[in-house]
Structures are given as structure tokens and as C-alpha cells.
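Below are the chains, spelled out letter by letter.
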Amino acid sequence: MKITHKLAQDIVDKTMSILERNINIMDGKGVIIGSGDKSRLNQFHEGADQVIKEGKKLEIYSKDINHLMGAKPGINLPIEHNNKIIGVVGITGEPNEVSPFGEVIKMTVEMMLQQEFLLKEIQLEQQARGNFIHDLISGRIGNDPDLFVTRGQIVGYDILIPRAALVIDIYQFEKTAKQSLQAFKGSKEGEIHLQRLKNDVLKTIQRIFVDTPQEIVSYTGGDRFVVLKIINLKDSDEILRNKLFRIGKRIKNTISQQMKFKVTIGIGEYHKDIRGINKSFKEATQALDVSTKLEGAGDIYHVDNLGVGKLLAEIKGESQQEFMEKTIYFTKNNKEKKINETLLETLKAFFDNNLSISKTAQVIYAHRNTLLYRLRRVKEITGLDPKKFDDAVQLRMALKMRVYQGSDKFK
């Protein structure tokens, strides 16, 4: 372990506030990298160099300072980590005055360093786990799947266990995080607050799976988190789907109630082999993205329930725009006249009620004859008859595209 200037100075500042004596910390080469006397920073301390070479404390009296470069009266003790000397801590003052504090300060510095080391180890472990999960859901398995399985074992996951993906979108999580950073004016405290916010969400989800530690939970960036849920291959498709919906509902309710966030969840199918996780993740993401556009945020969506939404996701935006212009936006012969909002609302209600004249009239609070008139107007404007199957399919698709493109006003 190497002592950095920042860490050394932080330790000096904390210990000096207790001891009220000047303290110096020297690195493994005897250079002062932390000091209460800033003028001494980056100076070579010959006494510290001697401590490093001999491995024992050195007391320097006033009469000795002329013989040791960069030294002042005081006591210098080796800083040890894993039975290796990695630096020196010195207390300025006559040895007979500061010696009683020597071992205490040495122990305090070593404890602080150990704490910092453990913290970095935890951070590195979390980073390694996060990188592994990101590679897993992204499909970056490499040419040797067995090696990737070993990577999983190293970070604590058996990725041969069958899993399906749930992608969790927390409404405006990233915006809230950015506002937190702005509130702290981009300072270190702001970054810590941001990380704490992410960890709070992760811990909230992980607590749901406290009895099943092999469930994989991770932050994927932006507003989103992922759960790679262990499944039972003996379950039928319907039972599995119901189980995933139940766990999705539990996640959604827990986050909403405890953290006051609006949550939307997409669920993917199970696909065999470790590369199947990437397919499941893509499906869960698609279910989330498409259904949020068509149905709105705040619910749980399974990829199997996308219907025409799955088709819409495959059609380019330009092609969708052209299709809408040929159907619901313009007349057949007069491209200046658009279909109005009332007719679009009536058309949507007509399709939502399975082309039933009586049910649609009730829903839109209109007389039967009024409804029939509006449907005739749709036919006159678009050239498509909503009461004919083929024409109705085109109009229904155009309405779905309108919602998907974000121009809908009546979701």
C-alpha cells in the first residue's frame, strides 16, 4: 500500500486536532508528504530515511538536527502495514516531551491507513462486481464462456443458475441525482450524496432478496437498475410469468413506499445459457421502453404483452411518420386538411371497445347517431372505413404509432 499526499495530510489534520502538536508523515522514500507545517512538504527527511532502513523508532534532539537533513527535534516511528514499513510518522518536539504520545500516534495512523485500505478494497470489489454484471447483461462474454463463469465465481455469482431480467426505471432518478450534485456545487460531498442515493436504492432492492444472495442486483446508469432473478425451470410459462410479476410488484411497491419514487418495470423471458441473460435484458428493456410510450409510466410490463408494440419498436421513425401521414393526418386528395382531435379520440375509443357502437357511444357520452357520423367523417377524410377489418387495422396501427412517437394527447 502506498500513502498518498491527500491521505497523509488528512491523517495529519485529524490527529493534530487531538494532540495539538505538529505531525509529519513521510512516504517510503523519506519525503514529507503530510505536515502541519506546510513549508516542510516535499522535503527529504534524513531521520525518516534512517527509520525506514533500520526499522525502528528514532529520537532526534536539538543537538542532533545539524547532522540530519530536513530534521527537527522530535520522535519518528515506522508506519507498518502487513508487516512492511510503508512510511514514517514524526511528532515535532523534544523527545522527552513527545515520546509518551509516540506509540499512540503510530497506532492511530496505522489504524486509519488500515481503514482506508479496507475501504478501497470494498470499493474495488464493488467495482469488479459492477463491471462483471455490466459485461453479462451487455453480452460481452468473450470467446471463452468458462473463463467468464470463473469471473462470476470470483465476484460471488454462479451465473449458470437460470435467471430472467427485470429492468427497473425510477422516474427522474438521474435528474434528482444531478440536482443533488448542484446543491453541493459539484463538491466531494455532492458525489458522496449521489453515491449514497444509488446505494440506498440498491440496498432497498437487495433487502427483498436477503434470503437469496445469488439474486443479482445492479445499477445500470441513468434512471435504471436491473435484477437478474433466479427462476425455476420446472415452472410453466404462466407460473413463471406470474412469479416475475409478483416480484416486480414487490420491488415497485417497496421503492415507491420507502423512497417516494415512481417506478416502472420491464420483464424479459428466460433464455438458456449465459448469453441468454443479454437477450432477457434486451427484452426487459424493450418491454419497459415501448410500454411506457404506449401505456404510460408507473406499471409493470412483460415482453410477451407488447403486442403491436414489439412491431413498432422495429419500424423506423421515418417509416412510421410516412404511414401516419398516409392514414390519419391528411385527406386522400387534399393534403392541407388534417383529421381533428375529436375524431382521433372517437376512433381510439371505438377500437378500445372492440368496434362496438353501443359501448363506444356510452364511453364518449355521445348519441349513437353522433358516433356513426364521426366514423363516416373518418372514412371521408382518410379513405379508410373503421368498420372494415383491413381498414381498421391500418387506422389502429396509425394511432399506436402516434402514441409511440410522443404526439398523442389522450393516453
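Below: a short report on this structure. Note that the coordinates shown come from a computational prediction; the quantities given were computed from them, not determined experimentally.

What about the overall build of the protein?
- Each helix and strand in the protein was counted, giving 14 helices and ten strands.
- C-alpha atoms of the protein, sized along the principal axes, occupy 110 × 50 × 40 Å.
- Looking at the 411 residues of the protein, the share that counts as buried comes to 44%.
- Considering only contacts in the protein between residues 6 or more positions apart, those separated by 24 or more positions represent 59%.
- Split by element, the accessible area of the protein, about 22900 Å² in all, is 50% carbon and sulfur.
- Computed over 64 positive and 53 negative side-chain charges, the inter-centroid distance for the protein is 8 Å.

A word on the environment of Ile 357
- For Ile 357, the location among the structural elements is in helix H12 (residues 357–363).
- In this structure the C-alpha to C-alpha distance between Ile 357 and Ser 319, which are 38 residues apart in sequence, comes to 32 Å.
- Once residues lying within four places of it in the same chain are set aside, the contact partners of Ile 357 are Phe 350, Arg 368, Leu 371, Leu 372 and Leu 375.

So, the sheet that holds strand E5 (residues 84–92)
- Spatial ordering of the open sheet is given by E2-E1-E5-E4-E3, a layout of five strands whose pairing is antiparallel. This sheet does not close on itself; its edge strands, each paired only once, are strand E2 (32–35) and strand E3 (58–60). On average, adjacent strands in this sheet sit at an angle of 25 degrees to one another, irrespective of strand direction.
- For strand E1 (residues 23–26) and E5, the ladder comprises four bridges, and the chain directions are antiparallel. For Ile 23, the partnering residue across the bridge sits in E5 and is Ile 91.
- Of the strands in this sheet, E1, E2 and E5 are in contact with helix H1 (residues 5–19), which crosses E2 at around 35 degrees.
- Running at roughly 140 degrees to E5, helix H2 (residues 46–54) makes contact with E1, E3, strand E4 (74–81) and E5 of the sheet.

Rules and cut-offs
- Residues numbered from 1 in each chain as written.
- Predicted model: local features only at pLDDT ≥ 70, side-chain atom pairs only at ≥ 80, totals over all residues.
- Heavy atoms only, no water.
- Helix = DSSP H or I, 4+ residues; strand = E, 2+ residues; numbered from the N terminus.
- Buried < 20%, exposed > 50% of the residue type's maximum accessible area, 1.4 Å probe, protein only.
- Contact = heavy atoms within 4.5 Å.
- Areas by Shrake-Rupley, 256 points an atom, 1.4 Å probe, with all protein chains shown as cover.
- Lys, Arg positive; Asp, Glu negative; His and termini not counted.
- Charge placed at Lys NZ, Arg CZ, Asp CG, Glu CD.
- Pairing = 2+ DSSP bridges.
- Axes fitted to C-alpha atoms, helices over the stretch in contact; angles between N-to-C directions.

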